[in-house]
2 protein chains.
Amino acid sequence: MTAPLAANVAAAEDTVTVALGERAYDILIGDGLIHGAGAEIAARLPGARAVVVTDETVAGLHLAALRESLAGAGIENEVLTVAAGEASKSFSVYQDLVGHVLEARLERGDVVVALGGGVVGDLAGFVAATVRRGMKFVQVPTTLLAQVDSSVGGKTGINAPQGKNLVGAFYQPALVVADTASLSTLPPRQFASGYAEVVKYGLIDDPKFFGWLERDREAVFAGGQARVSAIATSCKAKARVVAADEREGGVRALLNLGHTFGHALEGATGFSDRLFHGEGVAIGMCQAFRFSARMGLCPPADAERVESHLKAAGLPTRIADIPGDVLAVERLMNLIAQDKKVTRGTLTFVLARGIGKSFIARDIAADDISAFLVDELKK
Amino acid sequence: MTAPLAANVAAAEDTVTVALGERAYDILIGDGLIHGAGAEIAARLPGARAVVVTDETVAGLHLAALRESLAGAGIENEVLTVAAGEASKSFSVYQDLVGHVLEARLERGDVVVALGGGVVGDLAGFVAATVRRGMKFVQVPTTLLAQVDSSVGGKTGINAPQGKNLVGAFYQPALVVADTASLSTLPPRQFASGYAEVVKYGLIDDPKFFGWLERDREAVFAGGQARVSAIATSCKAKARVVAADEREGGVRALLNLGHTFGHALEGATGFSDRLFHGEGVAIGMCQAFRFSARMGLCPPADAERVESHLKAAGLPTRIADIPGDVLAVERLMNLIAQDKKVTRGTLTFVLARGIGKSFIARDIAADDISAFLVDELKK
Ligand SMILES: NC(=O)c1ccc[n+]([C@@H]2O[C@H](COP(=O)([O-])OP(=O)(O)OC[C@H]3O[C@@H](n4cnc5c(N)ncnc54)[C@H](O)[C@@H]3O)[C@@H](O)[C@H]2O)c1
Ligand SMILES: NC(=O)c1ccc[n+]([C@@H]2O[C@H](COP(=O)([O-])OP(=O)(O)OC[C@H]3O[C@@H](n4cnc5c(N)ncnc54)[C@H](O)[C@@H]3O)[C@@H](O)[C@H]2O)c1
Ligand SMILES: [Zn+2]
Ligand SMILES: [Zn+2]
């Protein structure tokens, strides 16, 4: 438990190892690490050439620093820039990138470096997974969401017309370099959205971490050591779950806390700027706790603590906080049913017995969820 | 070593297990096994629904039997049919299949069944590998090449405008059902082409197997027990190499015996019907042995044995056997250089010290290969 530090104090670094046997890799977390990314890559992949995949926004902010560091380490590199935003996670952009990587005559030992948020990471990771049946892959995540969530765990992929993330591969990177200073250029709403995933790790099984966030949230937002700690703790939590369940057969489902409700809300708002992913997760986690309290599983005071913490972080916590048209219950239930297999009128949800006491609840009656959502929409 | 049997004698069955830990799977080999495919799938993947991917030619010959067997085992199934031929291993056909599998609302526990040759297997395997980041996959190979080579080992993928098999994934099936009777509808030239890969396993490290093939080749072509034995021995050989080197870091390269020369010849003939893959491999293996003999590595008599066996099987053994225009040395050398990294004027090749004594030779001078090819073109 660190005390808040001013953003300009030299921050410590942390390394989290994702223990996946011969596919194990390090996540380096620290202030300014982008300047050392080239050297870290060269040390792990001697002789590799690189293609950097990034988006237009990030290219304007952090590409020069990364390229300088690659060049400094003697890594020949080319850059492929896609449009910023979810629409780049498409078949056509994927195919285009694959073509460019092949034109650059990269081999299996060469590396695809993803510089950007979750969109760039998922897309570039799928390219790395599939060109020549698998090249090397390095993530340099530049959003908080990517640093604590999408860059860890090896899920890569693109969207299909039938839905998000429906095409992809489990493919682990050789290295993740999370420069916490790169988050300083992130719009505050994006930072807050990623923060919902940080809070999630506390709510799943680490009540101490949640307590620390309650006290030191402002320091995490400010940057420096507290931010490094929060990100490292989050990565450790995710790495632990991933190592136990790489391909999502069991406990990995706990990481979906808040995500069933959240996805339904994202779907109902058309995956638009009305609701960022982490914002949907924030509302979804509040709902998971409120639903748990309503079912007598969780103390109502815990549900209130969750809500007031997320609210203080600038996140929405109720459906009414979403700007624009009111959503209909039937639409939400349809989206939930689409997301989950409804088996004989029951659903599987991540619920909680309290802060840090989340669990996978099977056999939740769809009717209980509908009734709950009717009340939620009145709030 | 079995004696040749008439084709109508009830053939034994054989099972080869590919030992890949938690990804281990069985290859079932036998006459008429397609009729039991449904039951074998249902036993391994209880409750799974299926999408069968096949091509137009195979659909007309073997689809009804497979569907009957799936239905008999209570496996709900849909069929997706692509055009026969290499052109179906494309981005657009891949994307189309992915869309159809998603429309059919298949889940990760459901199965993609490939019914056909290597084209269908590679394509359907890549779909299975990537839809929802990995569904179940079963191969029902119907060409000799697919039964002894492409269905074993987990290489899946498609072609890119930049070259063959440049996009894909290593993805192991849950089961391979090789019905040796299904090969009876195969055009003889296709059967012979696949037979080159059977011979390859003898030449790599199994001189006894090669000797048996010399004696019993006609029985293998006729069907029945000898065919089952030849295919099972081939699958065992490939399974052994794959288990030792799943992602092609080392010994798996031995499987490329004859393939560097062969690919160059395929490239030079535009991957057309002028030269089937196995035909290119047949010439390539003869060349690998002739080159080895020329370099004093291998007894010339062994090179002659290889040539006369392949010739007796109806396969081409020299560049002059390829119908159409004569090929140029420079073009072949360029294609070889493209295929291989040329490091300081040297190349890596699979050569032989004799029948069943293949090895990976590094540092082969590109000049020696050119001079050899000049002579080869005179033959
Ligand atoms: N693979 C996984 O396990 C996993 C987990 C969660 C989410 N995801 C995926 O991640 C994606 C969302 O990720 P995201 O929230 O990072 O979105 P994103 O990549 O679209 O980034 C959000 C926005 O921030 C901009 N940006 C990125 N870094 C910046 C910086 N340092 N300064 C200023 N602007 C910056 C981007 O250009 C973009 O406009 C979704 O596609 C989601 O499906 C994947
Ligand atoms: N994945 C691997 O490890 C691997 C290994 C070797 C080759 N391959 C790939 O395999 C492909 C070649 O495989 P192939 O030779 O089986 O080609 P193929 O799949 O095109 O089949 C050859 C032809 O035979 C027809 N056919 C298939 N089964 C038949 C049957 N029982 N009766 C009558 N006709 C039948 C097909 O319709 C096709 O026209 C290439 O794309 C190659 O890259 C992959
Ligand atoms: Zn999330
Ligand atoms: Zn081959």
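Counting restarts for each chain, with residues numbered from 1 along the sequence as it is written. Chains and ligands are labelled by the order in which they are written, letters from A for the one and numbers from 1 for the other. Given that this is a predicted model, residues contribute local features only at a pLDDT of at least 70 and side-chain atom pairs are listed and counted only at 80 or more, while totals for whole chains, interfaces and linings are drawn from all residues. Think of the side-chain values as coming from all heavy atoms in the structure, minus any hydrogens and water.

Caption draft 1: Inspection of the overall build of chain A at higher detail. Starting at the N terminus, helices and strands are each numbered in turn, a helix being any DSSP run of H or I of at least four residues and a strand any DSSP run of E of at least two. Each helix and strand in chain A was counted, giving 13 helices and 11 strands. Against the 2.2 N^0.38 benchmark of 21 Å for 379 residues, chain A shows a C-alpha radius of gyration of 20 Å, consistent with a compact globule. Taken over the C-alpha atoms alone, chain A extends approximately 60 × 45 × 40 Å along its principal axes. Sorting the 379 residues of chain A into buried and exposed places 58% on the buried side. Relative to all contacts within chain A whose residues are 6 or more apart in sequence, the contacts with residues 24 or more apart total 75%. For chain A, the exposed surface amounts to about 14,400 Å²; the carbon and sulfur share of it is 51%. With 38 positive and 43 negative side-chain charges, chain A shows a spacing of 5 Å between the two charge centroids. The atom set for the radius of gyration is the C-alpha atoms, and the globule formula is 2.2 Å times the number of residues raised to the power 0.38. Only protein chains enter the accessibility calculation, which uses a 1.4 Å probe; a residue whose area is less than 20% of its type maximum is buried, one above 50% is exposed, and one in between is partly exposed. Note on contacts: a residue pair qualifies if any of its non-hydrogen atoms lie within 4.5 Å across the two residues. Note that accessible areas follow from Shrake-Rupley with a 1.4 Å probe, and for residues the cover is restricted to the protein chains shown. Charged-residue counts in this description rest on Lys and Arg as positive and Asp and Glu as negative, His and the chain ends being excluded. Think of each charge as sitting on NZ of Lys, CZ of Arg, CG of Asp or CD of Glu.

Caption draft 2: Representation of the packing of helix 3 (residues 91-103) of chain A against helix 4 (residues 118-130) of chain A within the structure. Residues and elements named next belong to chain A. Here helix 3 crosses helix 4 at 50°, and the two axes come no closer than 10 Å. Relative to helix 4, helix 3 is oriented oblique. Remark: the crossing between helix 3 and helix 4 carries right-handed chirality. In contact with V93, Y94, L97, V98 and V101 of helix 3, helix 4 contributes L123, F126, V127 and T130. Here the nonpolar group is Ala, Val, Leu, Ile, Met, Phe, Trp, Tyr, Cys and Pro; Asp, Glu, Lys and Arg are the charged ones; every other residue, Gly included, is treated as polar. The residue inventory of the contact of helix 3 with helix 4, partitioned by class, reads eight nonpolar, one polar and no charged. In this description, a line fitted to the C-alpha atoms serves as the axis of each element, helices being fitted only across the stretch in contact, and the angle between N-to-C directions of two axes falls anywhere from 0 to 180 degrees. Orientation categories follow fixed angle ranges, with anything under 35 degrees roughly parallel, anything over 145 roughly antiparallel, 65 to 115 roughly perpendicular, and all other angles oblique. Handedness of a crossing follows from how the near helix is turned relative to the far one, being left-handed for an anticlockwise turn of less than a right angle and right-handed for a clockwise one.

Caption draft 3: Structural detail: the sheet that holds strand 6 (residues 136-141) of chain A. All names here are of chain A. The seven strands are arranged 1-2-9-6-5-3-4 in an open sheet whose pairing can be described as mixed. The two strands at the open ends of the sheet, each matched to only one other strand, are strand 1 (14-18) and strand 4 (77-82). Between one strand axis and the next, the sheet turns through 15° on average, direction left out of account. Two strands qualify as a pair provided DSSP detects at least 2 bridges between them. As paired elements, strand 1 and strand 2 (residues 25-30) share five bridges and run antiparallel to each other. If you follow T17 over to strand 2, its bridge partner there is D26. Strands in contact with helix 8 (residues 225-244) are strand 1 and strand 2; relative to strand 1, the strand with the most contacts, it is inclined by about 10°.

Caption draft 4: Expanded view of the coordination of the zinc ion (ligand 4). All names here are of chain B. Note that water is not among the atoms considered, so a metal site may appear incomplete; the donors listed are N, O and S atoms within 2.8 Å of the metal, with 3.2 Å applied to Na, K and Ca. Looking at the metal site, the zinc ion (ligand 4) is ligated by E197 (OE), H259 (NE2) and H277 (NE2), spaced 1.9 to 2.2 Å from it. Sequence spacing of the donors to the zinc ion (ligand 4): E-x61-H-x17-H. In this pair, H259 is assigned in helix 9 (residues 259-268) and H277 in helix 10 (residues 277-294), connecting sequence segments 18 residues apart.

Caption draft 5: Seen up close, the site of ligand 2. Residues and elements named next belong to chain B. Think of it this way: one heavy atom of a residue within 4 Å of a molecule or strand is enough to make that residue near it. Around ligand 2, a shell composed of 26 residues is seen, among which D55, G118, T142, T143 and T185 lie nearest. At 2.8 Å from an oxygen atom of ligand 2 is found a side-chain nitrogen or oxygen belonging to E86. Counting of polar contacts relies on pairs of N or O atoms within 3.5 Å, with two restrictions inside protein: one atom must be capable of donating a hydrogen and the other of accepting it, and residues adjacent in sequence are counted only when both atoms are side-chain atoms. T185 places a polar side-chain atom, nitrogen or oxygen, 2.7 Å from a nitrogen atom of ligand 2. Protein chains shield 88% of the accessible area of ligand 2, which is 860 Å² for the free molecule. Of all the secondary-structure elements, those providing two or more residues to the shell around ligand 2 are helix 2 (56-72), helix 4 (118-130), helix 5 (144-150) and strand 8 (163-170). In terms of residue count, the dominant contributor to the shell around ligand 2 is helix 2 (four residues). Within the shell around ligand 2, the residues separate by chemical class into seven nonpolar, 11 polar and eight charged.

Caption draft 6: Quick look at the UniProt feature "binding site: Zn(2+)" (unreviewed entry) in chain A. All names here are of chain A. UniProt positions are given in the numbering used here, feature names are shortened, and annotations may be inferred rather than shown by experiment. As recorded in UniProt, the sites labelled "binding site: Zn(2+)" (unreviewed entry) are E197, H259 and H277. Separation in sequence by 81 residues is not matched in space for these annotated residues, since their most distant C-alpha atoms are only 10.2 Å apart. Beyond its immediate chain neighbours, meaning those up to four positions away, E197 contacts L145, V148, D149, H259, H277 and V281. On the accessibility criterion, H277 (22% relative accessible area) is partly exposed. Residue contacts for H277: discarding those within four places in its chain leaves L145, S193, E197, H259, H263 and E266. A polar atom in the side chain of H277 sits 3.0 Å from the side chain of E197.

Caption draft 7: How the structure looks around the relation of the copies chain A and chain B. Of the two same-sequence chains, chain A is brought onto chain B (RMSD 0.0 Å, axial shift 0.0 Å) by a rotation of 180°. Both copies are brought into coincidence by an operation consistent with a two-fold rotation axis. By residue overlap, the copies meet face to face through one surface: 100% of the interface positions of chain A are interface positions in chain B. Residues reaching a pLDDT of at least 70 in both copies supply the C-alpha atoms on which the copies are superposed by least squares.

Caption draft 8: Region of the structure containing the pattern of salt bridges. Just to be clear on terms, a salt bridge is a Lys or Arg side-chain nitrogen sitting within 4 Å of an Asp or Glu carboxyl oxygen. Following the criterion strictly, the structure yields 38 salt bridges over all chains and no others. Its salt-bridge partner being E86 of chain B, residue K89 of chain B comes within 3.7 Å of it at the nearest N-O pair. Here D149 of chain B ties to K238 of chain B by a salt bridge, and the two come within 2.6 Å at their closest N and O atoms. Of the two residues, D149 of chain B sits in helix 5 while K238 of chain B sits in helix 8 (residues 225-244), which places them 89 residues apart along the sequence. In this structure D149 of chain B comes out as buried when scored by relative accessible area, which is 12%. Three or more residues are tied together by salt bridges with common partners; here these are R290, E307, K311, R318 and E376 of chain A.

Caption draft 9: Structural context of the site of ligand 1. All names here are of chain A. D55, G118, T142, T143 and T185 are the nearest of the 26 residues found near ligand 1. In this structure, D122 approaches ligand 1 through a side-chain N or O atom, which is 3.0 Å from a nitrogen atom. Here a nitrogen atom of ligand 1 sits 3.0 Å away from a polar atom, N or O, in the main chain of S182. Expressed as a share of its isolated accessible area of 870 Å², the protein-covered part of ligand 1 is 89%. For the shell around ligand 1, a count of residues per class yields seven nonpolar, 11 polar and eight charged.

Caption draft 10: Representation of the environment of H263 of chain A within the structure. Mapped onto the elements, H263 of chain A comes out in helix 9 (residues 259-268). Considering only alpha carbons, one finds H263 of chain A and L335 of chain A, 72 residues apart in sequence, at a separation of 8.0 Å.

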